[in-house]
Protein chains: 4
Amino acid sequence: METNRPTNPAAEEILGGYFPVLDHGFVALVDYMGSDGAVEQAARVSYGAGTRKVSQTRGLVRYLRRHRHTTPSEMVEFKFHCAMPMFVARQWIRHRTASVNEYSGRYSLMPLLFYTPPEEHFSLQSATNNQGRGDRARTELYRDARERWERIRAAAGEAYGWMVESDVAREIARIDLPLSTYTQWYWKIDLHNLLHFLSLRVDPHAQWEIRAFAEVMAGMVKRVAPLSYEAWVDYDLVGMSVSRGEREALARLLAVRDDGVAARSGVALCGDDLAELGLSGREVRELQAKLTAPGRPDFELDLGHMRPAGEVAEEMARAVPSFDEKTDGD
Amino acid sequence: METNRPTNPAAEEILGGYFPVLDHGFVALVDYMGSDGAVEQAARVSYGAGTRKVSQTRGLVRYLRRHRHTTPSEMVEFKFHCAMPMFVARQWIRHRTASVNEYSGRYSLMPLLFYTPPEEHFSLQSATNNQGRGDRARTELYRDARERWERIRAAAGEAYGWMVESDVAREIARIDLPLSTYTQWYWKIDLHNLLHFLSLRVDPHAQWEIRAFAEVMAGMVKRVAPLSYEAWVDYDLVGMSVSRGEREALARLLAVRDDGVAARSGVALCGDDLAELGLSGREVRELQAKLTAPGRPDFELDLGHMRPAGEVAEEMARAVPSFDEKTDGD
Amino acid sequence: METNRPTNPAAEEILGGYFPVLDHGFVALVDYMGSDGAVEQAARVSYGAGTRKVSQTRGLVRYLRRHRHTTPSEMVEFKFHCAMPMFVARQWIRHRTASVNEYSGRYSLMPLLFYTPPEEHFSLQSATNNQGRGDRARTELYRDARERWERIRAAAGEAYGWMVESDVAREIARIDLPLSTYTQWYWKIDLHNLLHFLSLRVDPHAQWEIRAFAEVMAGMVKRVAPLSYEAWVDYDLVGMSVSRGEREALARLLAVRDDGVAARSGVALCGDDLAELGLSGREVRELQAKLTAPGRPDFELDLGHMRPAGEVAEEMARAVPSFDEKTDGD
Amino acid sequence: METNRPTNPAAEEILGGYFPVLDHGFVALVDYMGSDGAVEQAARVSYGAGTRKVSQTRGLVRYLRRHRHTTPSEMVEFKFHCAMPMFVARQWIRHRTASVNEYSGRYSLMPLLFYTPPEEHFSLQSATNNQGRGDRARTELYRDARERWERIRAAAGEAYGWMVESDVAREIARIDLPLSTYTQWYWKIDLHNLLHFLSLRVDPHAQWEIRAFAEVMAGMVKRVAPLSYEAWVDYDLVGMSVSRGEREALARLLAVRDDGVAARSGVALCGDDLAELGLSGREVRELQAKLTAPGRPDFELDLGHMRPAGEVAEEMARAVPSFDEKTDGD
């Protein structure tokens with residue numbers, strides 16, 4: 001179709017394509033509004049008559065992000081269609097600045113699709129991170145877990161099908177489906193809030209399953225607003241916060257030179273020095289982690305994975321328990 | 001403790017008391033800010049110097065609600081501690097204008113408490129309401145359902161306990177807990193948004209289980225801000241919307257008199273007349289329902305049900321699977 | 001440009017066209033996302049497998065609005081470029097669910113454009129509405145007011161130009177510009193929140209000046225999402241709320257018949273009867289007003305008024321005080 | 001009054017006291033809910049059964065802030081009464097996550113109080129900061145500016161009084177009041193969003209006038225939630241962001257040691273080196289600024305400035321233009 005709206009060919013290329021995530025999930029970009037140009041346009045309304053010449057789009061987009069001028073990024077919108085296990089949906093929905101319409105287990109029959117963690121992500125509780133995963137579990141443990149999952153899901157699926165067939169209210173029939181059951185929704189959010197979501201959800205502290213979704217969405221941002229994406233990687237994602245105490249430490253270790261920065265030869269700060277600056281033991285370890293050269297993640301989408309909408313919809317439909325339903329008009 | 005803040009004795013009386021909801025859930029009001037007086041104070045800042053004398057608090061509060069002047073109601077805050085099945089939590093969390101901190105299955109061990117619907121609320125799918133409950137199911141159906149629930153929960157609970165004991169990451173161990181598992185959270189919201197939540201959630205179209213929570217919270221509003229509560233019942237809860245077509249119908253059926261309103265003798269509108277005014281068949285039935293004298297629900301709390309915090313916390317703790325945990329300092 | 005996104009020809013026709021409002025203001029629709037189809041798509045994700053066939057788009061859109069299922073309407077977005085007097089901007093900005101980037105008087109030189117009320121809207125304080133306009137003022141009063149406005153604006157404009165020329169910080173130079181000075185912004189909002197804004201701002205209780213803007217935007221909604229627009233007029237704009245007491249009154253005056261509604265012959269409710277049902281004197285007058293057949297406003301845009309962006313921008317630029325500015329690179 | 005709610009004596013001490021800001025403005029804390037304990041309580045609901053012992057309140061509050069776990073801070077609320085010039089109000093209102101009720105110029109007569117910048121803050125446009133103030137202006141310039149302000153305000157005040165006396169609608173009468181006119185509002189916000197507001201508004205890039213308000217509010221936070229305040233100063237206010245390129249620079253300049261950090265002797269990065277890491281010229285200057293030891297601002301309130309509510313209200317009332325008003329009942 002023809003439009004006078006700004007379009008982005010890289011975004012158009014994936015529009016409506018379904019990218020698989022986990023064993024039965026997906027993310028599709030189904031609509032978008034604006035691109036880096038919309039960020040620039042909104043920012044420039046502030047820089048009206050009489051302002052000095054400002055550099056090009058890339059420089060402006062980077063400047064805005066570096067200085068946390070986030071409102072122009074609200075002018076770009078993304079609408080996604082996603083399917084994910086309910087325990088992932090429960091983490092996702094905590095982000096309140098989005099619009100969402102979810103598949104309703106009160107109205108509709110649930111597809112009996114359950115998430116099974118792959119062996120390489122079946123891990124023990126982390127010894128250092130109170131909420132995360134640590135070492136990979138032994139293969140026998142995984143085998144035993146899979147057996148249990150299969151048993152639970154068979155029982156839950158059988159009970160669900162039986163209740164629905166017995167005409168029990170759907171809102172009751174679904175209460176014993178496991179949290180691993182897939183649900184789906186439309187999810188719409190602006191670029192500023194999406195990048196905030198992604199910062200939290202591609203982070204290694206996020207549960208691996210939601211990271212898998214966030215990484216695909218980051219790849220979609222790269223296609224809709226590539227300059228904003230790049231600035232986000234450089235200033236937010238791989239950037240970090242430095243506290244007052246850490247700034248004091250850096251000021252002792254480094255000297256400002258006319259056209260750069262230099263290490264102050266011979267200066268070192270040990271744990272006691274850092275404690276004096278107010279850093280706890282944990283903060284010292286955090287500082288040390290910040291001082292290793294960062295990698296630069298890339299979330300490029302693999303277009304070979306893209307699937308047509310109809311194929312995905314059919315798979316969902318096949319997983320719904322079938323029975324002879326009394327239907328009537330509305 | 002002493003305070004210079006406005007307090008409300010009826011609210012103080014229940015502060016920190018736990019009101020049971022469903023088989024293992026609860027709602028407790030743990031803090032609040034303001035009362036009807038705060039609504040009035042905020043409204044009167046608009047009506048500053050030179051305005052006409054306005055009537056008393058009750059009249060003002062009712063006027064504001066009738067005319068949807070909702071911002072003054074945002075000045076009153078409620079903080080609740082609640083426990084509910086996860087399928088209820090998933091409906092609840094859709095209200096985005098609240099602050100919430102939920103028990104985390106990634107950090108913490110889940111209490112193995114599951115919701116079992118009581119027989120009188122175990123119903124068939126409604127024939128008229130696409131999403132709701134209709135007639136009560138037969139007793140044998142209920143008995144069979146209970147057996148299935150018990151089997152599923154036993155399997156899910158066993159698997160959870162086994163994984164946790166095997167030191168599997170908690171974020172994985174919990175993925176096959178059923179949606180009937182209880183979770184808990186602190187939930188903070190202002191009066192305006194709380195009343196909007198309650199309008200939707202004490203409604204007969206809401207799932208019965210979340211209504212049970214909403215009704216207790218409505219009783220708490222009655223104690224914190226009784227005039228706002230009363231206005232909400234009269235103008236929102238039992239009030240209704242009338243469309244353009246319905247207004248035209250009413251104008252034909254009724255005549256305005258000097259000091260009141262009169263029925264126009266002999267006037268009747270049949271289905272065809274109403275269709276001509278743009279009402280669909282469904283809208284005619286909706287109009288008819290609106291024209292029956294409404295009841296006036298009361299959400300008075302029964303203080304005899306109130307339980308101390310410690311007792312409730314202990315019950316939760318006892319339901320956590322016990323095992324020898326490796327603990328260490330932080 | 002080509003796009004795979006849903007487009008709406010009626011919206012494309014006005015995209016980027018500037019519609020004059022008041023003496024120097026404007027509204028332009030500069031981008032949009034989605035249409036009625038996006039509302040339907042979002043709603044249908046709830047009505048997944050196993051639900052009854054639901055009627056067509058129009059019926060669904062009307063059903064959703066009638067029953068306040070507002071989340072699907074959040075899936076449609078509008079982005080406007082607007083210029084308005086600052087006292088209008090101050091009312092407008094109270095709607096918090098939008099994204100906005102405003103022209104900055106700290107960075108940029110303000111165009112010296114001031115709003116002058118037309119004589120037909122220069123009115124006395126209303127005797128019945130505490131905040132609004134009543135009878136039109138006498139012509140001499142208007143003439144005197146214009147003279148005062150001219151004097152104040154000349155003085156304020158001269159002072160502004162002088163300070164800017166003297167290189168006083170712009171954030172200080174602008175502090176004595178009058179509230180009638182025009183500002184401009186980009187404003188982005190979703191359909192649900194836009195309709196809420198419009199309900200409040202095309203209302204006769206809104207200040208006439210902001211209504212002039214709201215009416216143009218309503219015309220734009222009609223082109224982007226015509227079914228949602230029509231449902232909004234029928235259920236929200238011309239619809240009304242009826243209180244518990246009013247419902248009781250209606251139930252006494254009207255009888256439900258098998259296929260319609262009938263007036264109960266001979267029944268009339270006088271002021272005392274209505275007072276008994278809880279209606280204050282003011283509420284009786286409000287009820288009487290509700291019982292007159294409503295009109296059906298139409299906000300059709302006049303395309304003959306549409307102006308090209310460049311022409312409008314030039315006018316703004318010409319109103320900026322000119323002086324020799326020291327500029328430098330960035 | 002007695003309450004079972006958590007109270008904070010340091011907050012109670014200033015509750016309802018009015019702190020002057022600028023020449024006619026003020027900030028008063030009129031209500032609050034919760035303190036650091038509420039932040040801890042909300043966080044600990046996540047760290048339920050089976051979690052390791054976590055350190056004390058201070059450590060937890062600091063950990064949460066350092067790691068941007070902001071939701072527990074939403075559990076604390078502040079309600080302020082403030083008066084400020086309208087150009088300040090227009091900056092303030094951009095923060096959308098607060099509740100506000102403002103004095104209405106449509107209903108009420110405006111007090112004719114105007115803000116006059118003090119000479120020490122009457123500055124030239126900054127040569128380096130596109131939006132801010134630079135050197136102080138010459139005394140004659142200030143004297144001339146004052147004269148102009150006085151003339152404009154006299155004319156605007158006279159016109160306002162004359163229109164109000166002539167019974168012109170108030171919503172029209174006020175349109176030529178200057179942006180320096182004082183308005184007032186109740187403003188309610190949670191701790192998380194307040195600290196975000198304060199970070200932006202005590203910043204040297206914020207206009208000096210709004211900083212004056214933010215600094216008083218920061219002093220109030222210090223009394224309501226002292227540990228959160230301290231963590232905010234250390235991690236947000238005096239903390240800073242470091243980009244990917246800057247992290248690479250730091251990694252080259254510094255070495256991680258077993259129990260601390262050391263400068264790498266002899267290493268220096270000149271402009272070209274930093275450009276190679278992707279830093280623009282402006283970013284190099286920003287990095288150099290970050291590497292100077294920061295101060296530690298303190299926003300302690302001076303209780304000697306606190307004034308009683310009645311005294312302040314009277315002053316406002318005296319500034320309202322007086323005339324014989326026709327009043328009537330409601």
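From a predicted model like this one, the values you see are computed outputs, not experimental measurements. (Residues numbered from 1 in each chain as written. Chains lettered and ligands numbered in written order. Predicted model: local features only at pLDDT ≥ 70, side-chain atom pairs only at ≥ 80, totals over all residues. Heavy atoms only, no water.)

Draft legend 1. Region of the structure containing the overall build of chain A. When its secondary structure is counted, chain A shows 13 helices and 11 strands. In terms of overall dimensions, chain A has C-alpha extents of about 80 × 55 × 35 Å along its principal axes. Burial analysis of chain A (330 residues in total) assigns 61% to the buried set. Mean positive and mean negative side-chain charge positions of chain A (41 and 48 charges, respectively) differ by 6 Å. (Helix = DSSP H or I, 4+ residues; strand = E, 2+ residues; numbered from the N terminus. Buried < 20%, exposed > 50% of the residue type's maximum accessible area, 1.4 Å probe, protein only. Lys, Arg positive; Asp, Glu negative; His and termini not counted. Charge placed at Lys NZ, Arg CZ, Asp CG, Glu CD.)

Draft legend 2. Examining the environment of V216 of chain C more closely. You can see V216 of chain C is positioned in helix α8 (residues 208-224). V216 of chain C sits 195 residues away from V21 of chain C along the chain, and the two C-alpha atoms are 8.0 Å apart.

Draft legend 3. Representation of helix α7 (residues 191-201) of chain A in the model. Residue and element names in this part refer to chain A. Among the 11 residues in α7, 8 count as buried, and that is most of the element. Restricting attention to buried positions, one finds in α7 the residues L191, H192, N193, L194, L195, F197, L198 and R201. For α7, the N-terminal cap is D190; the gap from its side-chain oxygen to the backbone nitrogen of H192 is 3.0 Å. (Polar contact = N/O pair within 3.5 Å; in protein donor to acceptor, adjacent residues only side chain to side chain.)

Draft legend 4. Here's a closer look at the relation of the copies chain A and chain B. Its rotation angle being 180°, the transformation that places chain A on chain B also includes 0.0 Å of axial translation and leaves an RMSD of 0.0 Å. On the angle and the small slide along the axis, the relation comes out as a two-fold axis. When each C-alpha of chain A is compared by its distance to the rotation axis, P178 of chain A comes out closest, at 2.0 Å. The overlap is high: 98% of the interface residues of chain A also sit at the interface in chain B, so the same surface is used on both sides. (Least-squares fit on C-alpha atoms with pLDDT ≥ 70 in both. Contact = heavy atoms within 4.5 Å.)

Draft legend 5. Structural view of the pairing of strand β3 (residues 77-85) of chain A. All names here are of chain A. Counting buried positions along β3 yields 9 of 9 residues, so the element is predominantly enclosed. Pairing between strand β2 (residues 25-33) and β3: 7 bridges, direction antiparallel. Bridge pairing in β3 places F26 opposite A83. Bridge analysis of β3 against strand β7 (residues 182-190) gives 9 bridges, and the strand direction is antiparallel. Each bridged residue has a counterpart across the sheet, and for C82 the counterpart in β7 is W185. (Pairing = 2+ DSSP bridges.)

Draft legend 6. Representation of the sheet that holds strand β9 (residues 254-257) of chain C. Taken in spatial order, the 3 strands line up as β11(B)-β10(C)-β9(C) in an open sheet, and their pairing is antiparallel. The sheet is open, and its two edges are formed by β11 (268-270) of chain B together with β9 of chain C, each paired on a single side. For this sheet the average axis-to-axis angle between neighbouring strands, irrespective of direction, equals 20°. Relative to strand β10 (residues 260-263) of chain C, β11 of chain B is paired through 3 bridges, and the arrangement is antiparallel. Bridge assignment links L269 of chain B to a residue of β10 of chain C, and that residue is V261 of chain C. Along the sheet face, helix α10 (residues 244-253) of chain B touches β11 of chain B together with β9 and β10 of chain C and points at about 145° away from the line of β11 of chain B. (Axes fitted to C-alpha atoms, helices over the stretch in contact; angles between N-to-C directions.)

Draft legend 7. Inspection of the packing of helix α8 (residues 208-224) of chain B against helix α9 (residues 226-237) of chain B at higher detail. All names here are of chain B. Running from N to C, α8 and α9 cross one another at 130°; their axes reach a closest spacing of 5 Å. With respect to each other, α8 and α9 are oriented oblique. Across from A218, V221, K222, R223 and V224 in α8, the residues of α9 making contact are P226, Y229 and W232. A breakdown of the residues in the contact of α8 with α9 according to their chemical character gives 6 nonpolar, no polar and 2 charged. (Parallel < 35°, antiparallel > 145°, perpendicular 65-115°, else oblique. Nonpolar A, V, L, I, M, F, W, Y, C, P; charged D, E, K, R; others polar.)

Draft legend 8. Structural detail: the interface of chain A and chain B. Taken together, the 60 residues of chain A in the interface contact 60 residues of chain B. Across the interface of chain A and chain B, roughly 5,500 Å² is buried in total on both sides, 54% from carbon and sulfur atoms. Taken as a group, R90, R106 and I175 of chain A account for 13% of the area that chain A buries against chain B, more than any other trio of residues on that side. One can count 8 salt bridges joining chain A with chain B. A salt bridge links R133 of chain B to E171 of chain A; the shortest N-O distance between them is 2.5 Å. Elements with a contribution of two residues or more to the side of chain A that touches chain B: α4 (86-92), β4 (99-102), β5 (123-125), α5 (139-165) and α6 (170-173) of chain A. Among the elements that take part in the side of chain A that touches chain B, α5 of chain A stands out by supplying 13 residues, more than any other. Looking at the side of chain A that touches chain B residue by residue, the classes come out as 30 nonpolar, 13 polar and 17 charged. (Buried area = accessible area lost by both parts, 1.4 Å probe. Salt bridge = Lys/Arg side-chain N within 4 Å of Asp/Glu carboxyl O.)

Draft legend 9. The sheet that holds strand β9 (residues 254-257) of chain B, seen in detail. The strand order across the open sheet built from 3 strands is β9(B)-β10(B)-β11(C), with neighbouring strands paired in antiparallel fashion. Lying at the two open borders of the sheet, with one neighbouring strand each, are β9 of chain B together with β11 (268-270) of chain C. Taking the axes of each pair of neighbouring strands and ignoring which way they run, one obtains an average angle of 20° across the sheet.

Draft legend 10. Broad picture of the packing of aromatic side chains. One pass over the full model with this rule turns up 56 aromatic pairs over all chains. The interplanar angle of 50° and the centroid separation of 5.9 Å between the aromatic rings of F87 of chain C and Y115 of chain C together place this pair among those described as tilted. Remark: Y115 of chain C occurs in the loop between β4 (99-102) and β5 (123-125) and F87 of chain C occurs in helix α4 (residues 86-92); sequence separation between them is 28 residues. For F87 of chain C, a relative accessible area of 1% translates into the label buried. Members of the aromatic cluster, each reached through a chain of ring pairs, are F78, F80, W92, W185, W187, F197 and F213 of chain A. In this structure, R5 of chain B packs its charged tip against the face of Y32 of chain D, placed 4.2 Å from the ring centre. One residue, R148 of chain B, lies across the ring of W162 of chain A, its end atom 3.8 Å from the ring centre. (Phe/Tyr/Trp six-rings, centres within 6.5 Å; stacked < 30°, edge-to-face > 60°. Lys NZ or Arg CZ within 6 Å of the ring centre and 35° of its normal.)

Draft legend 11. Layout of the environment of S35 of chain B. Residues and elements named next belong to chain B. Looking at the secondary structure, you find S35 in the loop between β2 (25-33) and α2 (36-44). Considering only alpha carbons, one finds S35 and V221, 186 residues apart in sequence, at a separation of 9.4 Å. S35 has contacts with N8, V76, V224 and A225, leaving out every residue within four places of it along the chain.

Draft legend 12. Geometry of the pattern of salt bridges. Under the counting rule described, the total for this entry stands at 119 salt bridges over all chains. R90 of chain D serves as the salt-bridge partner of E102 of chain C, at 2.6 Å between the closest nitrogen and oxygen. Of this pair, E102 of chain C sits in strand β4 while R90 of chain D sits in helix α4 (residues 86-92), which puts the two residues in different chains. Of the two residues examined, E102 of chain C and R90 of chain D, each falls in the buried class.

Draft legend 13. Structural detail: unusual backbone geometry. All names here are of chain A. Phi at D167 is positive, roughly 70°, even though this residue is not glycine. Its location among the elements puts D167 in the loop between α5 and α6. Judged by its relative accessible area of 24%, D167 falls in the partly exposed class.

Draft legend 14. Focus on the side chain of S104 of chain D. Structurally, S104 of chain D can be placed in the loop between β4 (99-102) and β5 (123-125). For S104 of chain D, a relative accessible area of 13% gives the class buried. Within polar-contact distance, the side chain of S104 of chain D engages the backbone nitrogen of Y107 of chain D at 3.3 Å. Those residues in contact with S104 of chain D that sit more than four places away from it in its chain are V45 and S46 of chain B.

Draft legend 15. Local environment of the packing of helix α5 (residues 139-165) of chain C against helix α5 (residues 139-165) of chain D. Direction vectors running N to C along α5 of chain C and α5 of chain D enclose 165°, while the axes themselves pass 10 Å from each other. Between α5 of chain C and α5 of chain D, the interaxial angle falls into the category roughly antiparallel. The hand of the α5 of chain C/α5 of chain D crossing is left-handed. Taken together, the residues of α5 of chain D that come into contact with α5 of chain C (itself represented by L141, D144, A145, R148, W149, I152, A155, A156, E158, A159, W162 and M163 of chain C) are L141, D144, A145, R148, W149, I152, A155, A156, E158, A159, W162 and M163 of chain D. (Left-handed = near helix turned anticlockwise from the far one by under 90°.)

Draft legend 16. Summary view of a negative patch on the surface. On the surface, D258 and D259 of chain A together with D272 and E276 of chain D cluster together into a negatively charged patch. Its location among the elements puts D258 of chain A in the loop between β9 (254-257) and β10 (260-263). (Patch = residues over 30% accessible without salt bridge, like charges linked within 9 Å, V, L, I, M, F, W, Y side chains within 5 Å. Areas by Shrake-Rupley, 256 points an atom, 1.4 Å probe, with all protein chains shown as cover.)

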